[in-house]
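A closer look at the structure
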Amino acid sequence: SRRAAYTTIQTVMNRLLERGTLPPRTAAAVALQIAEALSAAHQHGVIHRDIKPENVLVTDNGDVKVADFGIAKAADATAMTRTSLVLGTVRYLSPEQAMGEPVSSASDLYSLGVVLYEMLAGEVPFQAEGPIAIAMKHLSQEPAPLCERAPEVPASLNAVTLKLLEKDPEKRYGSCSTIWIERRS
């Protein structure tokens, strides 16, 4: 009888909870695969709007899949569906989402930056009591450089992460396909 081969799949959040931070090379590889998935969605005019470790699946082979497009919208839609209702998970919201402004591919890039930061540092860049306080930090504070929280992170990977976390969407990468992460990290 033939035995079926099964692949184990878990979320990035589960991996972080089980193993702590990811080595820089692994985090970079995961981030690149997330960027590739987002690039495919963006090329079809879809903005995910809720990139977070719980929505990123990793197989035991290292293949990464972006899941839960439940609140995804066409790129020309707004971030608000009703007055003062902002969709997304506050710990990973871009500043423009926190303000209820229209989303773009740059919004997903910011969220990818938060996920990458968390994979490397073991914590999100902005923490506070309550969702409004966290959203305000996304709007007004700069993240601590990764070298302060994770000194083993190469300067090139720190630079990529901080560029993804730029407050101004125009200062982030132009698209997911323009992200370059130092492969020797």
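Here the structure is shown first, and the text comes after it.
Fair warning: this is a prediction, and the values are worked out from it, not measured in the lab. (Residues numbered from 1 in each chain as written. Predicted model: local features only at pLDDT ≥ 70, side-chain atom pairs only at ≥ 80, totals over all residues. Heavy atoms only, no water.)

With respect to helix 4 (residues 105-121)
Taking 1.5 Å per residue as the helical rise, helix 4 with its 17 residues ought to reach 24 Å, and the 24 Å between its terminal C-alpha atoms agrees with that figure. A large share of helix 4 lies buried, amounting to 16 of its 17 residues. A positive backbone phi angle near 85° is found at G122, which sits one or two residues after helix 4. (Helix = DSSP H or I, 4+ residues; strand = E, 2+ residues; numbered from the N terminus. Expected span 1.5 Å × (residues − 1). Buried < 20%, exposed > 50% of the residue type's maximum accessible area, 1.4 Å probe, protein only.)

Section: unusual backbone geometry
The phi torsion at R49 lies on the positive side, around 75°, for a residue other than glycine. Residue position: R49 is located in the loop between strand 2 (46-47) and strand 3 (56-59). For R49, a relative accessible area of 2% corresponds to the buried category.

Focus on the sheet that holds strand 4 (residues 64-66)
Across the sheet, three strands lie side by side as 1-3-4; this open sheet has antiparallel pairing. Of all strands in the sheet, those bounded by a partner on one side alone are strand 1 (9-11) and strand 4. Mean inter-strand twist for the sheet, computed between neighbouring axes without regard to direction, equals 30°. Here strand 1 runs beside strand 3; their pairing, made up of three bridges, is antiparallel. Each residue of the ladder has a partner; that of T11, found in strand 3, is L57. (Pairing = 2+ DSSP bridges. Axes fitted to C-alpha atoms, helices over the stretch in contact; angles between N-to-C directions.)

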